[in-house]
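A structural walkthrough
Now for the letters of each chain:
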Amino acid sequence: VRKTGDGTVVLLGFPSVGKSTLLNKLTNANSPVGAYAFTTLTVIPGVLSYKYAKIQVLDVPGVVHGAAAGTGRGKEVLAIIRNADLILFLIDVFHPEHYGALKKEVYDAGVRTNQKLPDVKIARTSKGGITVGTTVKLKKIDKKTIRAILQEFKIVNANIVVREDIDADQLIDVIEANKAYLPSVVVLNKIDMVGKEELNKVKDKIKPDLSISAEKNKGIEELKGLIYRELRIIRIYLKEYNKKADMEEPLIMWEGCTLKDLCSKLHKDFADKFKFAKIWGSSRFPGQMIVKLSYELKDNDVVELRMN
């Protein structure tokens, strides 16, 4: 499935959790819905329109135990996740144990949720053995273990700098350099089918980010907002010289983006031709002239670009 729009969200869950129903409530998709397992036989895409953003939501076939090893087309399903911007774990209120099983399948597929690539730098050298430098106190692993792990991967000469407290698994992830790091949210579904006491027990067990009933349309608007926030989307309004800003439809960008990113999104040559920009919003004063392409934009900024 080709990645389109302003971000891609994958709905991940075991069969019968209600992904098809949720997709239909979130988007304009027409995903088959039925009260039996494996309703979704292929990847069904839909588009969630929210605050001018067009977010692609993918309903993938239900995951089964052993998916990462290839059971039930699991490798195909989990491969899609690596290209997503957000994973939505949809958990059946009657099966909270599925959350731990799903996390394991995702982990085994080489996806790390709600983590960042560890701040570890490994520079191979031609001689001198393994030198380990740290800028923090290591509590989960010692230098001897670090050297042993590197040697297991046939790295015998290298300079390694560790800037955060990591464990052995994180070090291996850095060495292998084939992991995907993605944000995720946990959503508990079918809450209309249990009492308050049972619901609270499940919430205490898996700590969901949101509890909904897709069937009863409960919590859907809150979920749209959660997805939007977790994707770290911002809105940039554009203004032409001597004209009013277009405040009707913003350009959708990502939190942390710069003027260079904005130029590149508008036209491939804009970054090279950039002279300066005037910015209203995050600048120190309205219409401040900014000459550095590295300037970081904020949500609701109004930008007027000037080119050479």
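Refer to the structure above for everything that follows.
Now for a look at the structure at hand. (Residues numbered from 1 in each chain as written. Predicted model: local features only at pLDDT ≥ 70, side-chain atom pairs only at ≥ 80, totals over all residues. Heavy atoms only, no water.)

1. Notes on the overall build of the chain
Condition: Secondary structure elements are taken from DSSP: a helix is a run of H or I of four residues or more, a strand is a run of E of two residues or more, and numbering for both begins at the N terminus. Remark: exposure states derive from per-residue accessible area (1.4 Å probe, protein chains only) relative to the maximum for the residue type, with buried under 20%, exposed over 50%, and partly exposed in between. Any pair of residues with heavy atoms lying within 4.5 Å of one another is described as a contacting pair. What sets the accessible areas is the Shrake-Rupley method with a 1.4 Å probe; for residues, cover comes only from the shown protein chains.
For the chain, the count of helices and strands is 9 helices and 16 strands. Per-residue burial for the chain yields a buried fraction of 47% across its 308 residues. Considering only residue pairs separated by 6 or more positions, the chain has 65% of its internal contacts joining residues 24 or more positions apart. Here the chain has roughly 16600 Å² of accessible surface; of this, 50% comes from carbon and sulfur atoms.

2. Section: the layout of surface pockets
Heads up, the condition is: In this analysis a 1.4 Å probe is tested at points of a 1 Å grid over the protein atoms alone, and where it fits but cannot get out there is a cavity; an open set with protein on both sides within 12 Å along at least five of seven lines is a pocket; lining residues have an atom within 4 Å of a point. Grid points are joined across faces, edges and corners, and a volume is the space filled by probe spheres set on the points. Note on residue categories: nonpolar means Ala, Val, Leu, Ile, Met, Phe, Trp, Tyr, Cys or Pro, charged means Asp, Glu, Lys or Arg, and polar means any other residue, Gly included.
The volume enclosed by the second largest pocket comes to roughly 150 Å³. Every residue along the wall of the second largest pocket is listed here: L238, K239, E240, Y241, L266, F270, V303, E304, L305 and M307. In terms of residues, the lining of the second largest pocket owes the most to one element, strand β16 (residues 301-307), which gives 4 residues. Along the lines of polarity and charge, the residues of the lining of the second largest pocket split into 7 nonpolar, no polar and 3 charged.

3. A few points about the sheet that holds strand β6 (residues 120-124)
We apply this condition: Note: two strands are recorded as paired if DSSP finds a minimum of 2 bridges between them. Fitted lines through C-alpha atoms give the axes, limited to the stretch in contact for helices. The angle between two N-to-C directions lies from 0 to 180 degrees.
Sheet architecture is open: 3 strands sit in the order β6-β8-β7, paired in mixed fashion. The two strands at the open ends of the sheet, each matched to only one other strand, are β6 and β7 (130-134). Averaged over neighbouring strand pairs, the angle between their axes works out to 10° when direction is ignored. Sheet topology places β6 next to strand β8 (residues 158-162); 5 bridges connect them, and they run antiparallel. Note that in β8 the partner of I122 across the bridge is I160.

4. Quick word on the packing of helix α4 (residues 143-152) against helix α5 (residues 168-176)
Which entries qualify depends on this criterion: Convention used here: angles under 35 degrees read as roughly parallel, angles over 145 as roughly antiparallel, angles from 65 to 115 as roughly perpendicular, and any remaining angle as oblique. Should the near helix be turned anticlockwise from the far one by less than a right angle, the crossing is left-handed, and should it be turned clockwise, the crossing is right-handed.
It is at 11 Å that the axes of α4 and α5 come closest, and there the two elements cross at 40°. Judged on the interaxial angle alone, α5 and α4 are oblique. Judged by the twist between their axes, the crossing of α4 over α5 is right-handed. Between α4 and α5, the contacting residues are I146, I149 and L150 on the first element and A168, L171, I172 and I175 on the second. Its residues placed into classes, the contact of α4 with α5 shows 7 nonpolar, no polar and no charged.

5. Observations regarding helix α7 (residues 220-230)
Every α-helix winds through 3.6 residues per turn, so residues three or four apart in the chain are directed the same way. Looking at α7, one finds that the buried residues are I220, L223, K224, G225, L226, I227 and Y228. At the exit of α7 stands R232, carrying a positive phi of roughly 60°.

Everything listed is a geometric property; what it means functionally is a separate question.
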